[in-house]
Amino acid sequence: MSTRGPVLRVEDLHVWFDLPGGELHAVQGVSFELHAGERLGLVGESGCGKTTSILACIGLLPPNASVAGRVYLNDRDILEGGESTVAPHRWKDVAMVFQGAMNAFNPVKRIGDQIAEPMELHRTAKGRAARTRVVELFEMVGIAPERVDRYPHEFSGGMRQRAAIAMALACNPQVLLADEPTTALDVMVQAQILELLVQLSEELGLALVLVTHDLPVVAQTCGRAAVMYAGRMVEDGATTDLYHDPKHPYTRLLFSATPDLYAQEHIVSIPGVPPRLDRDIVGCPFQPRCDRAFAPCPTIAPPFVTVAPRHAAACHLNDVALERTQ
Amino acid sequence: MRGADYVIRRTGAALLTVFVAVTLNFVLFRAVPGSAVTALRCFHCTKQFKAALEQELGLNQSMWQQYTIYLGSLAEGDLGTSFTDHRSVWQNLKEPIMNTLPMLVIATVISVVMGVAAGVVSAWRRGTRIDRLNTWAALSFYAMPTQWIGLMVVFYIALRFGFPVAGIRDPTLGILEEPSTWTVIADRLRHLALPALTLGIGLYGEYALIVRSSMLETLGEDYVLTARAKGLKNFNIVWRHGLRNAMLPLVTLIALSFGYILAGAIVIEEVFSYPGIGLAVINAIDQRDYPVLQGAFLLLTFAVIFFNFVADLLYFKLDPRVTA
Ligand SMILES: Nc1ncnc2c1ncn2[C@@H]1O[C@H](COP(=O)(O)OP(=O)(O)OP(=O)(O)O)[C@@H](O)[C@H]1O
Ligand SMILES: [Mg+2]
């Protein structure tokens with residue numbers, strides 16, 4: 001991408017939730033990088049820790065969560081000093097569109113005021129200038145500017161989602177973390193919203209993390225994809241590489257579990273369930289469901305390593321492959 | 001416009017309710033066996049006297065005639081004449097009402113402030129010791145009988161800090177010299193403080209519990225997480241995005257419980273010998289003073305309808321989603 005370093009770099013991120021019955025290790029060492037203008041699709045089964053990971057990046061987890069690891073924004077660790085170092089970057093540098101962002105707006109306040117709120121908070125614009133900016137943002141995401149003074153319930157689902165994106169762009173962030181921004185929308189609107197996100201990231205040089213269950217969505221919108229399983233990264237690489245040459249059995253099975261409109265053969269599901277996260281996992285977490293597990297898998301956890309140029313995976317099969325080629 | 005339409009419709013509904021209430025009030029007092037006159041027992045109450053009285057009160061006319069006469073005099077603001085002192089009912093009730101209203105308002109303010117503060121703190125610090133303490137206190141005060149709270153207030157506050165425990169005015173005031181307006185107001189407030197406090201404490205528990213649960217619900221909403229992601233600090237999250245939504249159920253509750261608040265006031269006025277509407281009602285019952293009783297019921301009904309109307313308007317102002 002650019003010659004500069006990554007905008008966002010996450011290193012060995014861990015999250016534990018303190019629960020009445022013990023601790024739940026929801027994120028178990030996630031690392032990834034993101035450059036300006038890059039779009040990364042973060043996929044994985046429900047409960048694998050996608051939302052938790054991106055919330056941790058900007059210090060938004062509930063009080064019962066503890067976090068370890070480093071999150072660099074332009075080479076500065078923002079989690080280092082806790083709330084005081086991460087708070088100034090919220091929305092100003094790292095903005096979010098949430099899972100079910102249909103409800104991202106307070107029902108009793110005008111949409112325009114809610115979009116202007118972070119600008120005044122972070123002093124990027126205020127009063128009349130903020131209002132001008134809101135109108136500008138509305139035009140950018142394709143909503144008629146005369147709707148700024150309307151209330152959320154007067155917007156359709158798709159429009160509310162556009163407004164949520166407008167709100168995310170209010171302070172000109174460098175990174176946009178979008179958590180399943182289209183799940184509640186119908187297919188047509190979904191496609192429009194995704195198109196809008198692609199267009200904005202290209203025009204504004206925005207780095208985008210798109211969390212989704214939906215692999216075709218990733219294929220259409222993101223140049224890169226990262227696959228999570230049981231709180232860990234299992235594969236990260238160019239979307240086409242992951243599709244044509246997956247380096248982890250889970251990725252391969254995930255792609256074949258995706259319904260294809262043209263393929264006549266029935267959908268394959270992956271038998272079994274992900275491991276529980278409230279107890280230690282020995283060996284590879286995917287091993288019990290894996291169709292190609294072998295000797296080291298039940299006992300040794302495979303490290304997440306580079307297996308090809310710009311392609312990393314955590315699977316013992318890749319070591320074997322390496323050994324064979326040597 | 002959304003506003004005008006709504007106000008007109010609500011006003012219409014309130015007026016209709018007033019009419020129904022007036023009619024019910026009429027029917028209720030005629031439905032009791034016997035009439036106001038048959039119940040009279042006194043030395044000079046001969047048959048002739050009673051007949052004359054019935055004539056005077058119009059009780060010998062048909063129900064329908066009585067009803068139209070009743071409506072007619074109500075329309076002129078005439079609530080009838082008291083049996084006991086032969087002054088008009090309005091003359092009898094005006095002062096008690098003017099005594100009770102400020103007490104109710106102050107009690108409501110006390111209970112809302114205490115309830116909202118306790119509820120918000122509890123919700124924000126959910127599961128901590130302060131939350132448990134708050135919830136426990138709220139539940140206890142909610143469960144305590146009002147008159148018992150009144151006695152505790154007399155015992156622990158009035159006697160210790162020298163607040164008056166009966167009446168509404170210091171009887172020695174104005175004997176030596178004409179008191180200044182300020183002294184009169186201060187004296188009034190001192191007499192009002194404890195009844196209002198008692199009522200406030202009796203009400204706050206319920207409000208605290210309601211605010212806590214609606215605040216918890218609100219804090220779990222997506223827009224609160226969004227507000228946090230936008231960089232808002234705790235206080236502003238609660239103030240700008242939590243409170244208004246969490247207050248919606250409370251507005252309705254206060255309006256709906258207004259009748260109940262009045263009932264609480266009656267008990268408290270008895271405890272503190274506070275010459276308000278509650279004591280007036282009790283006296284009217286003792287003396288079988290039907291016109292005063294009927295007038296008091298009617299005014300209280302009007303008050304309940306009025307506060308519900310205000311709550312509707314307030315709700316409408318607070319929640320843009322309300323359309324009809
Ligand atoms: N506040 C919380 N308290 C306790 N456990 C939590 C909390 N939030 C998430 N978890 C647990 O952490 C794990 C990861 O959850 P997370 O929401 O990050 O998954 P996800 O990948 O986003 O799933 P989905 O696709 O369903 O959104 C799950 O096991 C979940 O039960
Ligand atoms: Mg999620």
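Right above here is the structure, for reference.
A quick note: this is a predicted structure, and the numbers were derived from the prediction, not measured. (Residues numbered from 1 in each chain as written. Chains lettered and ligands numbered in written order. Predicted model: local features only at pLDDT ≥ 70, side-chain atom pairs only at ≥ 80, totals over all residues. Heavy atoms only, no water.)

Caption draft 1: Broad picture of the pattern of salt bridges. Within this structure, the stated rule accounts for 20 salt bridges over all chains. A salt bridge links Arg87 of chain B to Asp85 of chain B; the nearest nitrogen and oxygen atoms lie 3.3 Å apart. By relative accessible area, which is 33% here, Asp85 of chain B ends up partly exposed. In this structure, a network of salt bridges that share partners links the residues Arg9, Glu11, Arg70 and Asp75 of chain A. (Salt bridge = Lys/Arg side-chain N within 4 Å of Asp/Glu carboxyl O. Buried < 20%, exposed > 50% of the residue type's maximum accessible area, 1.4 Å probe, protein only.)

Caption draft 2: Just the site of ligand 1, in detail. Residues and elements named next belong to chain A. Around ligand 1, the structure places 17 residues, and the nearest of them are Ser46, Gly47, Lys50, Thr51 and Thr52. Thr52 is positioned with one of its side-chain polar atoms (N or O) 2.4 Å from an oxygen atom of ligand 1. In isolation ligand 1 offers 630 Å² of accessible surface; the protein chains occlude 70% of this area. If you list the elements that add at least two residues to the shell around ligand 1, you get β1 (8–19), β2 (22–34) and α1 (50–57). (Near = heavy atom within 4 Å. Polar contact = N/O pair within 3.5 Å; in protein donor to acceptor, adjacent residues only side chain to side chain. Areas by Shrake-Rupley, 256 points an atom, 1.4 Å probe, with all protein chains shown as cover. Helix = DSSP H or I, 4+ residues; strand = E, 2+ residues; numbered from the N terminus.)

Caption draft 3: Inspection of the side chain of Arg160 of chain A at higher detail. Position of Arg160 of chain A among the secondary structure elements: in helix α5 (residues 157–168). At 9.3 Å, Asp222 of chain B is the nearest oppositely charged side chain to Arg160 of chain A, a buried residue that forms no salt bridge. In this structure, Arg160 of chain A is in contact with Met102, Asn103, Phe105, Pro152 and Phe155 of chain A, ignoring residues within four places of it in sequence. (Lys, Arg positive; Asp, Glu negative; His and termini not counted. Contact = heavy atoms within 4.5 Å.)

Caption draft 4: Structural detail: the environment of Gly205 of chain B. Residues and elements named next belong to chain B. Inspection of the secondary structure puts Gly205 in helix α7 (residues 181–219). Judged by relative accessible area, which is 0%, Gly205 ranks as buried. Through-space distance from the C-alpha of Gly205 to that of Ala143 is 8.4 Å; in sequence the pair is 62 residues apart. Residues within four places of Gly205 in sequence aside, it is in contact with Ala138 and Tyr142.

Caption draft 5: Region of interest: the pairing of strand β6 (residues 94–97) of chain A. Residue and element names in this part refer to chain A. Side chains of β6 alternate between two faces, with Val94 and Met96 and Ala95 and Val97 buried alike. Summarising the sheet, β6 and strand β7 (residues 175–179) pair through four bridges and their orientation is parallel. When the bridges of β7 are listed, Val94 appears paired with Val175. (Pairing = 2+ DSSP bridges.)

Caption draft 6: Structural detail: empty space enclosed by the protein. Residue and element names in this part refer to chain A. Scanning all chains against the criterion turns up four cavities of 30 Å³ or more. The space that makes up the largest cavity amounts to roughly 70 Å³. Surrounding the largest cavity, 15 residues form its lining, Pro249, Cys284, Cys290, Cys297 and Cys315 being those nearest its centre. Each residue belonging to the lining of the largest cavity can be placed in one class, and the counts come to eleven nonpolar, three polar and one charged. (1 Å grid on protein atoms, 1.4 Å probe; cavity = no way out; pocket = protein on both sides within 12 Å on 5 of 7 lines; lining within 4 Å. Points joined across faces, edges and corners; volume = space filled by probe spheres on them. Nonpolar A, V, L, I, M, F, W, Y, C, P; charged D, E, K, R; others polar.)

Caption draft 7: Representation of the packing of helix α4 (residues 89–124) of chain B against α7 of chain B within the structure. For the pair α4 of chain B and α7 of chain B, the least separation of the axes is 4 Å and the interaxial angle reads 35°. Relative to α7 of chain B, the crossing made by α4 of chain B is right-handed. (Axes fitted to C-alpha atoms, helices over the stretch in contact; angles between N-to-C directions. Left-handed = near helix turned anticlockwise from the far one by under 90°.)

Caption draft 8: Spatial organisation of the packing of aromatic side chains. By the definition in use, this model includes twelve aromatic pairs over all chains. With a centroid separation of 5.1 Å and an interplanar angle of 55°, the aromatic rings of Phe26 of chain B and Tyr67 of chain B are classed as tilted. Taken together, the residues Phe26 of chain B in helix α1 (residues 2–31) and Tyr67 of chain B in helix α3 (residues 63–75) connect sequence positions 41 residues apart. Assigned by exposure class, Phe26 of chain B and Tyr67 of chain B land together as buried. Aromatic rings pair up to connect Phe26, Trp64, Tyr67 and Tyr70 of chain B into one cluster. Here the guanidinium or amino end of Arg9 of chain A rests over the ring plane of Tyr72 of chain A, the centre of that ring lying 4.4 Å away. We note Arg147 of chain A situated over the ring of Phe155 of chain A; from NZ or CZ to the ring centre the distance is 5.2 Å. (Phe/Tyr/Trp six-rings, centres within 6.5 Å; stacked < 30°, edge-to-face > 60°. Lys NZ or Arg CZ within 6 Å of the ring centre and 35° of its normal.)

Caption draft 9: Expanded view of the sheet that holds β7 of chain A. All names here are of chain A. One open sheet holds the eight strands; their spatial order is β6-β7-β8-β3-β9-β10-β12-β11, and the pairing between them is mixed. At either end of the open sheet lies a strand with only one pairing partner, and these are β6 and β11 (305–308). If you compare each strand with its neighbour and ignore which way they point, the axes differ by 25° on average. In this structure, strand β9 (residues 224–229) lies alongside strand β10 (residues 232–238), joined through six bridges in antiparallel fashion. Bridging from a neighbouring strand, Val227 pairs with Glu235 of β10. On the sheet, α5 packs against β6 and β7 and is oriented at approximately 170° with respect to β6.

Caption draft 10: Quick peek at the pairing of β1 of chain A. Residues and elements named next belong to chain A. Relative to β2, β1 is paired through ten bridges, and the arrangement is antiparallel. Bridging across to β2, Val15 finds its partner in Val27. Linkage of β1 to β2, two consecutive antiparallel strands, is achieved through a turn of two residues. Sheet analysis places β1 next to strand β4 (residues 65–73), joined by eight bridges and oriented antiparallel. By the bridge assignment, Phe17 is partnered in β4 with Ala65.

Caption draft 11: Molecular detail of the packing of helix α5 (residues 129–143) of chain B against α7 of chain B. Residues and elements named next belong to chain B. Where α5 meets α7, the closest approach of the two axes is 7 Å, and the angle between their N-to-C directions is 135°. With respect to each other, α5 and α7 are oriented oblique. Pair α5 / α7 crosses with left-handed handedness. Contacts between α5 and α7 involve Asp131, Asn134, Thr135, Ala137, Ala138, Leu139, Phe141 and Tyr142 on the former and, on the latter, Ile201, Gly202, Tyr204, Gly205, Glu206, Ala208, Leu209 and Arg212. A per-class count over the contact of α5 with α7 returns nine nonpolar, four polar and three charged. (Parallel < 35°, antiparallel > 145°, perpendicular 65-115°, else oblique.)

Without other data, these values stay purely geometric and don't point to any function.
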